[in-house]
Amino acid sequence: MTSEQTSTTHAALDAGSPKRTRLPYYPGCTLKTTGKGLEDSALAVAETLGMELVELPRWNCCGVVTSLTDDDLMRHIAPIRNMVRVQEMSDAGLVDDKRVVTLCSMCFNALKWSNARIGGNAEDLKSINDFMYLEEDYRGDSEVVHFLEILKELDPEAIARQVKVPLGNLNVAPYYGCTLLRPKSIGIDDPENPTIQRKFLETMGATVIDNSYKTVCCGSYQTVPDKYAVAELTHDILSHARSAGAEAVTTFCPLCAFNLDNRQREVLEKHPDFEPMPVFYFTQLMAVAFGLNAECCRFDLNHTDPRPLLRGKKLMKEDA
Amino acid sequence: MAQTIVITPKNETFLKRIVALSAEAITVCDQCGTCSGSCPMIHEMDVTPSQLMRMVQLGQSEALDTKTMWVCASCFACTVRCPRGLDVSKVAEALRQVTLRRSVDRLDIRNIPSDELAELPQIALVSAFRKLTG
Ligand code: SF4
Ligand code: SF4
Ligand code: SF4
Ligand code: SF4
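Residues numbered from 1 in each chain as written. Chains lettered and ligands numbered in written order. Predicted model: local features only at pLDDT ≥ 70, side-chain atom pairs only at ≥ 80, totals over all residues. Heavy atoms only, no water.

1. Description of the site of ligand 1
For step 1, the next point in the chain: Every residue lining ligand 1 is accounted for by A:Tyr26, A:Gly28, A:Cys29, A:Thr30, A:Cys61, A:Cys62, A:Gly63, A:Val64, A:Cys104, A:Cys107 and B:Ile123.
For step 2, the next point in the chain: Among the chains of the assembly, those with residues near ligand 1 are chains A and B.
For step 3, the next point in the chain: Here the residues of the shell around ligand 1 are counted per class, giving eight nonpolar, three polar and no charged. (Near = heavy atom within 4 Å. Nonpolar A, V, L, I, M, F, W, Y, C, P; charged D, E, K, R; others polar.)

Structure representation (structure tokens):
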């Protein structure tokens, strides 16, 4: 990242200029379905902060999980094809930044990992470019960032100015899971004690509840073959957040969201006295704090309806 | 009295295959157990992650019969903590790949009830099928 890029982001925001900073944006499949509440709220929040997330044309699924064997270059083609789209947009001047913004933690991890592996290996890059001979050659010099990293570059004052409904009495435990943090070469924060969500939640006025389960994996894709194994992790993660004083947790990952939220049904089967807990996408809470139209939060897609909690705290109108 | 563990050529071939697939220096694992202590899926495993590493070190192809290699969630909790800089998730993936590349799948979409299939998000299905089918 260059300082030039940072200052572009700041300039648009500070001047309150009508021209927004345009950033290439990779949504991923699930943000178009169960994760719509993450996408819509993030786009609205970005707009409020003077940024336009411009969706890559003809993007394809990133594959979610990086291949961990040393010999299957083939499995990096899908993520790299998306990086070709980023390069094209940037070369054509359709965006103001060469870095592609991701929201889904797993997309972030998969794209950044493949990009690092291929971008740093001329031979592999050539193999992939040769294989995708119908595409223009990828130069390997575009970058992958997460939305939280973009927020971190903004002037904190400018974010604070947008807070219209401070989340004063809401006790929130930020949940990180795995793919925003690990492995270290990919992660955006301390893998043992991440704090990047804290600052922003505090700016939103929320009471932030830290607890040691914030980095414990939710079981990930094991939710498909063994939902009860995942439900035990959900139970542990949410019960610890609850006993630390939290009323809700936040996440950036639609798989974490599914495991922590929808799997509460299986948790209740096994632990009837479990108290259900709303699971917010981080940007849903930002949208609430910014006083944006509740429609962008798509709370209808949350499994454990967070609206009663928000209304009880006077953070949402009765009829919204 | 010093004991000698006999590593047969067959054991060695297996170890070399997993080392090549994972690109991990499996023989430097000193069995400290940090990975096992970090693993969120340990309750579902038949051998611990450190035991799995030991089995591969010794070239025991029985590692391929463990439940452990299938229930690893690739969460990288062990990866960031291993004092030897090893990555058990890569070893588990290499073991899975040996089986999957023989066209033996762990997950069959026909066994997932249709109501569950309808509810599971793409991100869950795509990742599960990438990890558990060939
Ligand atoms: S992680 Fe999904 S949901 Fe995210 S794009 Fe990649 S495969 Fe699809
Ligand atoms: S916590 Fe669970 S789904 Fe979420 S990032 Fe880890 S593995 Fe991903
Ligand atoms: S943490 Fe590393 S060295 Fe220790 S047992 Fe696990 S793999 Fe071996
Ligand atoms: S990567 Fe696999 S073995 Fe390592 S801690 Fe996570 S689930 Fe356990």
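Now that the structure has been shown, the text picks up again.
2. Examining the interface of chain A and chain B
For step 1, the next point in the chain: In this complex, chain A contributes 45 residues to the contact, which on the side of chain B involves 41 residues.
For step 2, the next point in the chain: For the chain A and chain B pair, buried surface summed over both sides reaches about 3,600 Å², with 62% attributable to carbon and sulfur atoms.
For step 3, the next point in the chain: It is A:Leu68, A:Tyr221 and A:Val224 that lose the most area in chain A upon contact with chain B, and together they represent 21% of the buried surface on that side.
For step 4, the next point in the chain: Scanning the region where chain A abuts chain B turns up four salt bridges.
For step 5, the next point in the chain: Linking chain A to chain B there are 19 residue pairs in polar contact (both at pLDDT 80 or more).
For step 6, the next point in the chain: Among the elements of the structure, helix H4 (105-119), helix H9 (227-243) and helix H10 (254-262) of chain A are those that each provide at least two residues to the side of chain A that touches chain B.
For step 7, the next point in the chain: The element best represented in the side of chain A that touches chain B is H10(A), accounting for four residues. (Contact = heavy atoms within 4.5 Å. Buried area = accessible area lost by both parts, 1.4 Å probe. Salt bridge = Lys/Arg side-chain N within 4 Å of Asp/Glu carboxyl O. Polar contact = N/O pair within 3.5 Å; in protein donor to acceptor, adjacent residues only side chain to side chain. Helix = DSSP H or I, 4+ residues; strand = E, 2+ residues; numbered from the N terminus.)

3. Topic: the pairing of strand E2 (residues 51-55) of chain A
All names here are of chain A.
For step 1, the next point in the chain: The pairing of strand E1 (residues 21-26) with E2 spans five bridges and is classified as parallel. By the bridge assignment, Tyr 25 is partnered in E2 with Glu 55.
For step 2, the next point in the chain: You can see the chain leave E1, run along helix H2 (residues 36-48) and come back into E2, and the turn it takes is right-handed. (Pairing = 2+ DSSP bridges. Right-handed = clockwise from strand over helix to strand, strands pointing away.)

4. Quick look at the domain arrangement of chain B
Frequently, the measure chosen for interface size is the accessible area that the parts lose on association.
All names here are of chain B.
For step 1, the next point in the chain: Assigned domains within chain B: domain 1 (9-25 + 44-102) and domain 2 (107-134).
For step 2, the next point in the chain: The straight-line distance from the C-alpha centre of domain 1 to that of domain 2 is 24 Å.
For step 3, the next point in the chain: Domain 1 puts five residues into the contact, and the matching count from domain 2 is four residues.
For step 4, the next point in the chain: Interface area for domain 1 against domain 2, summed over the two sides, is near 400 Å², with a carbon-plus-sulfur share of 53%. (Domains from an automatic or database assignment.)

5. A look at the pattern of salt bridges
Opposite charge on two side chains makes pairing possible when the charged atoms of those side chains draw close.
For step 1, the next point in the chain: A complete count under the given rule lists 37 salt bridges over all chains for this structure.
For step 2, the next point in the chain: Here A:Glu192 makes a salt bridge to B:Arg81, at a shortest N to O gap of 2.8 Å. Here the residue A:Glu192 occupies a position in the loop between strand E5 (171-174) and helix H8 (196-203), and B:Arg81 occupies one in helix H5 (residues 77-81), the pair thus bridging two chains.
For step 3, the next point in the chain: Measuring nitrogen to oxygen at the nearest pair gives 2.8 Å for the salt bridge that ties A:Arg298 to A:Asp300.
For step 4, the next point in the chain: In this structure A:Arg298 comes out as partly exposed when scored by relative accessible area, which is 27%. (Buried < 20%, exposed > 50% of the residue type's maximum accessible area, 1.4 Å probe, protein only.)

6. Digging into the site of ligand 4
For step 1, the next point in the chain: Around ligand 4, the structure places B:Cys39, B:Pro40, B:Met41, B:Pro49, B:Cys72, B:Ala73, B:Ser74, B:Cys75, B:Phe76, B:Cys78 and B:Ser89.
For step 2, the next point in the chain: Class assignment for the residues of the shell around ligand 4 results in nine nonpolar, two polar and no charged.

7. Quick notes on the packing of aromatic side chains
How two aromatic rings sit relative to each other is given by the distance of their centres and the angle of their planes.
Residue and element names in this part refer to chain A.
For step 1, the next point in the chain: Considering all chains together, one arrives at four aromatic pairs over all chains under this definition.
For step 2, the next point in the chain: Here the aromatic rings of Tyr 26 and Trp 59 are separated by 5.5 Å at their centres, their planes lie at 75°, and the arrangement is edge-to-face. Remark: Trp 59 occurs in the loop between E2 and helix H3 (77-91) and Tyr 26 occurs in strand E1; sequence separation between them is 33 residues.
For step 3, the next point in the chain: Assessed through its relative accessible area of 0%, Tyr 26 is described here as buried.
For step 4, the next point in the chain: A centroid spacing of 6.0 Å and a plane angle of 80° characterise the contact between Phe 280 and Phe 299, whose relative ring orientation is edge-to-face. Here Phe 299 lies in the loop between helix H12 (282-289) and helix H13 (307-312) and Phe 280 lies in strand E8 (residues 279-281), a separation of 19 residues in the sequence. One exposure class covers both Phe 280 and Phe 299, and it is buried. (Phe/Tyr/Trp six-rings, centres within 6.5 Å; stacked < 30°, edge-to-face > 60°.)

8. Examining the packing of helix H3 (residues 49-57) of chain B against helix H6 (residues 88-100) of chain B
For any two helices packed against each other, the geometry is given by the interaxial angle and the distance between the axes.
Residue and element names in this part refer to chain B.
For step 1, the next point in the chain: Their axes nearest at 10 Å, the elements H3 and H6 cross at an angle of 60°. Taken as axis vectors, H3 and H6 run oblique relative to one another. Regarding H3 and H6, the two cross each other, and that crossing is left-handed. Contacts between H3 and H6 involve Pro 49, Leu 52, Met 53 and Val 56 on the former and, on the latter, Val 88, Val 91 and Leu 95.
For step 2, the next point in the chain: Classifying every residue of the contact of H3 with H6 by side-chain character gives seven nonpolar, no polar and no charged. (Axes fitted to C-alpha atoms, helices over the stretch in contact; angles between N-to-C directions. Parallel < 35°, antiparallel > 145°, perpendicular 65-115°, else oblique. Left-handed = near helix turned anticlockwise from the far one by under 90°.)

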